[in-house]
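Spelled out, the chains give:
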Amino acid sequence: MTEQQYSLDDIRKNVSRIDNEIIKLLAERRQLSLEVAKSKIETAKPVRDQTREQELLLRLIETGKREQLDAQYVTQIFHAIIEDSVLFQQAYLQKLTNPDSLQPVARVSFLGAKGSYSNLASRNYFSKKQTKLVEISCSTFRDVLSVVETGNADYGVLPIENTSSGSINEVYDLLQHTSLSIVGEITQPIEHCLLTAVDTSLDNIDTLYSHPQPHQQCSEYLHSMGNITQEYCSSTAEAMKMVAELKQPNVAAIGNASSGELYGLTPLKTNIANQQENFTRFIVVARKPVEVTSLIPAKTTLIMSTAQKAGSLVECLLVLRNLNINMTKLESRPVIGNPWEEMFYVDVEVNLKSDVMQEALEELTRLTRFIKVLGCYPSENVNPTEVEINE
Ligand SMILES: O=C(O)C(=O)C[C@]1(C(=O)O)C=C[C@@H](O)C=C1
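This section reports on the structure supplied with the text. All of these numbers come straight from a predicted model, not from anything done at the bench.

Criteria and cut-off values
- Residues numbered from 1 in each chain as written.
- Predicted model: local features only at pLDDT ≥ 70, side-chain atom pairs only at ≥ 80, totals over all residues.
- Heavy atoms only, no water.
- Helix = DSSP H or I, 4+ residues; strand = E, 2+ residues; numbered from the N terminus.
- Buried < 20%, exposed > 50% of the residue type's maximum accessible area, 1.4 Å probe, protein only.
- Contact = heavy atoms within 4.5 Å.
- Areas by Shrake-Rupley, 256 points an atom, 1.4 Å probe, with all protein chains shown as cover.
- Lys, Arg positive; Asp, Glu negative; His and termini not counted.
- Charge placed at Lys NZ, Arg CZ, Asp CG, Glu CD.
- Pairing = 2+ DSSP bridges.
- Axes fitted to C-alpha atoms, helices over the stretch in contact; angles between N-to-C directions.
- Core = buried A, V, L, I, M, F, W, Y, C linked by side-chain atoms within 4.5 Å.

### Notes on the overall build of the chain
Logical step 1: Scanning the chain from N- to C-terminus turns up twelve helices and 15 strands.
Logical step 2: Dimensions along the principal axes, computed over C-alpha positions, put the chain at roughly 80 × 60 × 45 Å.
Logical step 3: The buried share of the chain, taken over its 391 residues, is 46%.
Logical step 4: Across the chain, every contact between residues at least 6 apart in sequence was considered, and the portion connecting residues at least 24 apart equals 78%.
Logical step 5: Surface summary for the chain: the accessible area is close to 20900 Å², and the carbon and sulfur share equals 51%.
Logical step 6: Charge separation in the chain, taken as the distance between the mean sites of 37 positive and 50 negative side-chain charges, equals 5 Å.

Below is the structure:
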């Protein structure tokens, strides 16, 4: 064994010095991406430039190899850096396009107490917007909307679909009647764990607290646990609070590990969702619609009800196809009070202001009994360019 030259403390000091330098360089790079955004306004170039991303990643992988860093590691880090850069530029351009939309302090309503998934999504969404948050916890989705409608909050954040449990119908139904507009979206990874307040083992657990959605998203694991009582709460945060208060070895909450920490809970079992890739897409609503600059990818959401005759939905979808408009979501919900009538929710990857979307709206208005644009907003799904890695 070789003799240790430096103490652990000394080595850690050096590691911390390097970490600080990395943070400073990341901040410097972020500032430069603002300069890039300004130059793109002058030249009317889109924010995303896949060729530049490809070239940059390939060069960094080569440099990494010379420094004994593997390609996956380098790619992973720079995907995160590029995603941040794109979202930061988008937020900057959106602020210029909608000068009075984002104030330095924003009041945001969401379902559940601190630590709920909706709370995490709200924080993530606004973190790139350089806005301070005043958080308003609500106990129902309806309240999340109504505090914004009455002017007691500026934004509401609501889950709309999940990769395991599908659409969140209650939110779709509420959107039929709201006067609010969708102004943004964010996709949040949902990492469900079993969280307990006391030291215990899986065999002891017979009661699980959570919101109905996580129960559904973890149904396979819960089934494998055998005879379990499932208790429903208004949010995962409420469930965690409850388990923290009960302090019993037979109860657990389903929720996020870092949120569990807020309530003094520790994970007994991690990764319990039916799908490994468990994500929820949240929408952000506000009283005033926003405009999306043509330099960034936009999404538009509409609701429409078609005539009750065979083929009417197909006719509407053909309008989109013929105009080469990509539809990312189609959902149908019953219209309360009108049996057998359906309301369709459509997400398309196109800017509301664009000529094609205006043409589509004109034709759809002719073909439908009712149509309303719920909002046009920046698409926040960045997916940085993948490069082929040859080791
Ligand atoms: O160079 C650009 O055009 C940028 O916008 C910067 C950047 C980056 O962060 O490196 C970000 C997004 C583009 O898709 C390519 C590269």
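### So, the sheet that holds strand β10 (residues 266–269)
Logical step 1: Taken in spatial order, the five strands of this open sheet run β8-β7-β9-β6-β10, and their pairing is mixed. Each having just a single partner strand, β8 (229–232) and β10 make up the two edges of the open sheet. On average, adjacent strands in this sheet sit at an angle of 40° to one another, irrespective of strand direction.
Logical step 2: Alignment of strand β6 (residues 192–196) against β10, held across three bridges, turns out to be antiparallel.

### Let's talk about the nonpolar core
Logical step 1: Core analysis: the biggest nonpolar cluster contains 25 residues, and Phe-141, Leu-158, Val-171, Leu-175, Ile-283, Val-285 and Tyr-345 have the highest contact counts within it.
Logical step 2: Only α5 (141–149), β3 (155–162), α6 (169–175), β11 (279–286), β14 (338–348) and β15 (368–378) provide two or more residues apiece to this core.
Logical step 3: Ignoring sequence-local partners within four residues, the contact set of Phe-141 consists of Leu-111, Leu-158, Pro-159, Ile-168, Glu-170, Val-171 and Leu-174.
Logical step 4: Residues Leu-87, Leu-295, Ile-296 and Cys-376 belong to the second largest nonpolar core, which totals 19 residues.

The quantities given are spatial measurements derived from coordinates; they are silent on function.
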